[in-house]
Amino acid sequence: MVYKSLCQNKSIRHISKEFKCSVSTILHIKKKAKNSIVPYLEVDELGYLIYKVKEQNPFFTINQIKTYLKEKYNLNIAASTISNKLQNYNLYKVKTMSGELFELFKILIEENKLAEASEILKYHKLDSKNYYLLEKIPDNYLPTYAFVYKIIYLIQVQKLTIEEQIIYLQKIEETMKTNKNTLNYFYLLFLKIFILKIHGKFQEILKIYDEHKSQIEKLPFQLKYEFILNLANVFIVLEPKLAKSLTFKMIKKKNIDKEGVFRLLVGLGYIKTAKSIKDDAILDMISGKYNIFISKAKSLIENTKFVQSRLLYKCLNCNSMLLLKGDFVNFHTRLNEIEKEIENYKFYLPEFKTILMLKYSIEGKYDKVRDLLNEGSKFSNTLKAIYNKDYTLLSSYRKQELVLKYLLMGNIKKAVEVANKYGLIYNLHVYALLLNKSLKHIRKYREFKNIVRLLRIKRYYRVRVYVLSRKETVYVNNTQIRSSRRANRAYMLLFYLLNEKGRKVSFKELEQKGFRNIKSFVYRINHEVGFRLISIGNQSVVLNKDVFFDLNEFFKLIKLGDKRKAYKLLRFEPFVKLSSVFPFASEIRYLIYYRRNFDF
């Protein structure tokens, strides 16, 4: 502000009084201002020269820069001086413009002196929390690094459509051709990877990394670090071993971006390590404390300005409400809101599709779950493994995949142990639902208490029973349920009820039909199918679900006169062994054998 006042020809006395600084300080600033390239700005010309050398030769070491300055400019600069000067350009440590300079930067933007404001960005870096100001400066005014962060910011706050992102991607690729082997080239490459990630072009990013791996390793630390964070987020999906290696290499460094490393650790399943860096509400959700996360979610959603974070919180809140309360009314409302919000941002579809898969799996609509798994398997080894039910596709480098591996192997006990050890209860729940794990198997573990309750209330069960076309076979949601020979008497109760559905059947009537130990039979059937298909109350039993029964289909077709179609169902003669115990079974055998038209 003193610089600006001097350029406005204000008197030294007036400036001293206005800004409460000494006359000697003002004279010092005036002397410096006379030599400034930019009005109001003191420029370290030697520092900027060193930065330009580094910009044109990004892989130069400090000693190589020293040699270059000596040979080309006849400047004999100490290595320590070169190192210190470069640190001012945010290449080796985070160093942004001072508060006073930032205030000047804002004033210049407010006064629409955008060319002068952009000149400040050549010599002093803007703090990431203030990238919103870059939106007000035209692209062609900005230095390359500032242009890159401006585009990233605009994408994060949902101000660039997919079409606009593609146009920018084309411009970036053209500009990169004229900036080969410069620092600006790698800033643009960083932006290219960011946009490709949003569009799910993971294989293309892997190719870029393979081509530039050795060069990225030689970049100045801060830029290299941002590259690694950006790449590791991609590699978690397809190359978890590489992602883990890059992440833990970064943890050991000083001045790291804790937020970035935190996200990577969560993605790799190292929840305890992530918590040591940052205690975030998302950790409550992952560890199965859905009620705590829900209580914090509203504030998180309202206070985050980035689309990616906001949508992630919305998706996780949606999932938490479903898994904790089974609140399908609020769940569907939020689901519709998210669907509208992500129309132009395909990168966020994976989180949204997880919500849909959970919804369908809880309802028992596994054909729709399979369709979504098939789509997701193209960019996720986890979804590919679930779709193919093949644990060999998984790695041990992501702890989430270790939980899934044991579930795929059928070792639920071990999967629960791993989930508890690493705090991955949410993953345990999601994978168990997507794999359609039997209720009778998962209900043994307290970790599945809410899930079992939710499934019993909300799941849509499709039950099919065959006794004619197949030997006494029951299917629940396309999974064959096999009963032991000792359970055949229990299944006679089910066969009888299927012919009496729509009304309660009393114990007295069942006893007259030859049934004994009715409660034991009901328990056996419910245990076998994995949910409460038959209920008991007031000395009666009732069938809770509509069931397809090929025996009913046979008599229906006979009644309609379509005997030819009815006879096609006949493959086996049912109830042979138990017809002497249950009179109705003998009657059914008789009716089928003589193919008579009889209306039950």
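Cut-off values and rules
Every chain begins its residue count from 1, and numbering advances along the sequence as written. Totals for whole chains, interfaces and linings use all residues, but because this is a predicted model, local features are given only for residues with pLDDT of at least 70 and pairs of side-chain atoms are given and counted only at 80 or more. Each side-chain value is derived from all of the structure's non-hydrogen atoms; neither hydrogens nor water enter the calculation. For the purposes of this entry, the term helix denotes a DSSP run of H or I that reaches at least four residues, the term strand denotes a run of E that reaches at least two, and both are numbered from the N terminus. Whether two residues are in contact is decided by their heavy atoms: any pair within 4.5 Å suffices. Two strands pair if DSSP finds at least two bridges between them. Here an axis means a line fitted to C-alpha atoms, over the contact stretch when the element is a helix, while the angle between two N-to-C directions is reported on a 0 to 180 degree scale. We call a set of buried Ala, Val, Leu, Ile, Met, Phe, Trp, Tyr and Cys residues a nonpolar core when their side-chain atoms join them within 4.5 Å. Relative accessibility under 20% of the residue-type maximum defines a buried residue, over 50% an exposed one, and the middle range a partly exposed one, all with a 1.4 Å probe and only protein chains included. Within this analysis, patches are made of residues with over 30% relative accessible area and no salt bridge. Like charges are joined at 9 Å or less; nonpolar side chains (Val, Leu, Ile, Met, Phe, Trp, Tyr) at 5 Å or less. Surface accessibility in these figures is a Shrake-Rupley result with a 1.4 Å probe; residues are shielded only by whichever protein chains are displayed. Every case where a carboxyl oxygen of Asp or Glu lies within 4 Å of a side-chain nitrogen of Lys or Arg is listed as a salt bridge. When charges are tallied, Lys and Arg are placed among the positive residues and Asp and Glu among the negative ones, while His and the ends of the chain are skipped. To locate a charge, the coordinates of NZ of Lys, CZ of Arg, CG of Asp or CD of Glu are taken. It is the rotation of the near helix from the far one that decides the hand of a crossing: anticlockwise by less than a right angle makes it left-handed, clockwise makes it right-handed. Take the residue count of a helix, subtract one, and multiply by 1.5 Å to get its expected span. This arc is built from the directions going out from the helix axis to the C-beta atoms.

Novice: Go over the overall build of the protein with me, naming the residues and quoting the values.
Specialist: Each helix and strand in the protein was counted, giving 34 helices and seven strands. Residue pairs in contact within the protein that sit at least 24 positions apart in sequence constitute 57% of those at least 6 positions apart.

Novice: Help me get a handle on the sheet that holds strand E4 (residues 505-506), residues and values and all.
Specialist: Within the open sheet, the three strands sit side by side as E4-E6-E5. Their pairing is antiparallel. Across the chains shown, the open sheet's two edge strands, defined by having one partner strand only, are E4 and strand E5 (534-537). One ladder, built from four bridges, connects E5 with strand E6 (residues 540-543); its direction is antiparallel. By the bridge assignment for E6, Ile 534 is matched with Leu 543. Running at roughly 150° to E5, helix H31 (residues 518-529) makes contact with E5 and E6 of the sheet.

Novice: I'd like a description of the nonpolar core, backed by residues and values.
Specialist: Grouped together as the largest cluster of nonpolar side chains are 197 residues, with contacts concentrated most on Phe 105, Leu 121, Phe 227, Leu 494 and Leu 533. With 13 residues, the single largest contributor to this core is helix H11 (residues 183-198). With near-sequence residues (within four places) excluded, Phe 227 lies in contact with Phe 186, Leu 189, Phe 190, Ile 193, Ile 216 and Leu 219.

Novice: Account for a positive patch on the surface, with residues named and values stated.
Specialist: Among the surface-exposed residues, Arg 443, Lys 444, Arg 456 and Arg 532 lie close enough to one another that they form a single positively charged patch. When you line up the elements, Arg 456 lands in helix H28 (residues 449-458). Its relative accessible area of 46% is what places Arg 456 among the partly exposed residues.

Novice: Go over the packing of helix H12 (residues 202-217) against helix H13 (residues 221-238), please, and point to the residues and values.
Specialist: For the pair H12 and H13, the least separation of the axes is 11 Å and the interaxial angle reads 145°. The handedness of the crossing between H12 and H13 is left-handed. Touching Phe 202, Gln 203, Ile 205, Leu 206, Tyr 209, Ile 216 and Glu 217 of H12 are Lys 224, Phe 227, Leu 231, Val 234, Phe 235, Val 237 and Leu 238, all from H13.

Novice: Describe the side chain of Lys 54, naming the residues involved and giving the relevant values.
Specialist: Here Lys 54 lies in helix H4 (residues 45-56). It is Glu 55 that comes nearest to the buried, bridge-free Lys 54 among opposite-charge side chains, at 12 Å. Discounting chain neighbours no more than four positions away, the residues touching Lys 54 are Phe 59, Phe 60, Ile 65, Leu 86, Leu 91, Tyr 92 and Pro 220.

Novice: Break down helix H26 (residues 425-434) for me, citing the residues and quoting the values.
Specialist: For H26, a buried count of ten out of ten residues is recorded, marking the element as mostly surrounded by other parts of the structure. Among the residues making up H26, those that are buried are Ile 425, Tyr 426, Asn 427, Leu 428, His 429, Val 430, Tyr 431, Ala 432, Leu 433 and Leu 434. Trailing H26 by a residue or two, Asn 436 shows a phi angle of about 55°, which is positive.

Novice: Describe helix H14 (residues 240-251), listing the residues and the values that go with them.
Specialist: Between its terminal C-alpha atoms H14 stretches 16 Å, which fits the 16 Å expected from twelve residues at 1.5 Å a residue. Among all positions in H14, only Pro 240, Ala 243, Leu 246, Thr 247 and Met 250 are buried. Down the axis of H14, the buried side of the element spans an arc of 125°, and every buried residue falls inside it. Packed against the buried residues of H14 are H12, H13, helix H15 (258-268) and helix H24 (399-409).

Novice: Please provide a residue-by-residue account of the sheet that holds strand E2 (residues 473-476), values included.
Specialist: Sheets are built from strands that pair by backbone hydrogen bonding, the pairs being arranged parallel or antiparallel. The strand order across the open sheet formed by four strands is E3-E2-E1-E7, and the pairing between neighbours is mixed. Looking at strand neighbours, the two that pair on one side only are strand E3 (479-481) and strand E7 (547-549), the edges of this open sheet. This sheet shows a mean twist of 25° between the axes of neighbouring strands, independent of strand direction. With three bridges connecting them, E2 and E3 associate as antiparallel partners. Counted as the bridge partner of Tyr 475 is Gln 480 from E3. Lying on the sheet, helix H32 (residues 550-559) is in contact with strand E1 (463-466) and E7; it crosses E7 at an angle near 65°.

Novice: Report on unusual backbone geometry, specifying residues and quantitative values.
Specialist: Of note, the phi angle at Asn 74 is positive, near 55°, even though the residue is not glycine. Structurally, the position occupied by Asn 74 is in the loop between helix H5 (62-73) and helix H6 (79-87). For Asn 74, a relative accessible area of 59% corresponds to the exposed category.

Novice: Pulling in residues and values, what's your account of the pattern of salt bridges?
Specialist: Evaluated as defined, the whole model comprises 15 salt bridges. For Glu 111, the salt bridge is made with Lys 113, and the minimal N-O distance between the two is 3.6 Å. With a closest N to O distance of 2.6 Å, Glu 375 and Lys 353 form a salt bridge. On the criterion of sequence distance, the pair formed by Glu 375 in helix H22 (residues 366-376) and Lys 353 in helix H21 (residues 349-363) is long-range, its members being 22 residues apart. Relative accessible area serves as the criterion here: at 35%, Glu 375 is assigned to the partly exposed category.

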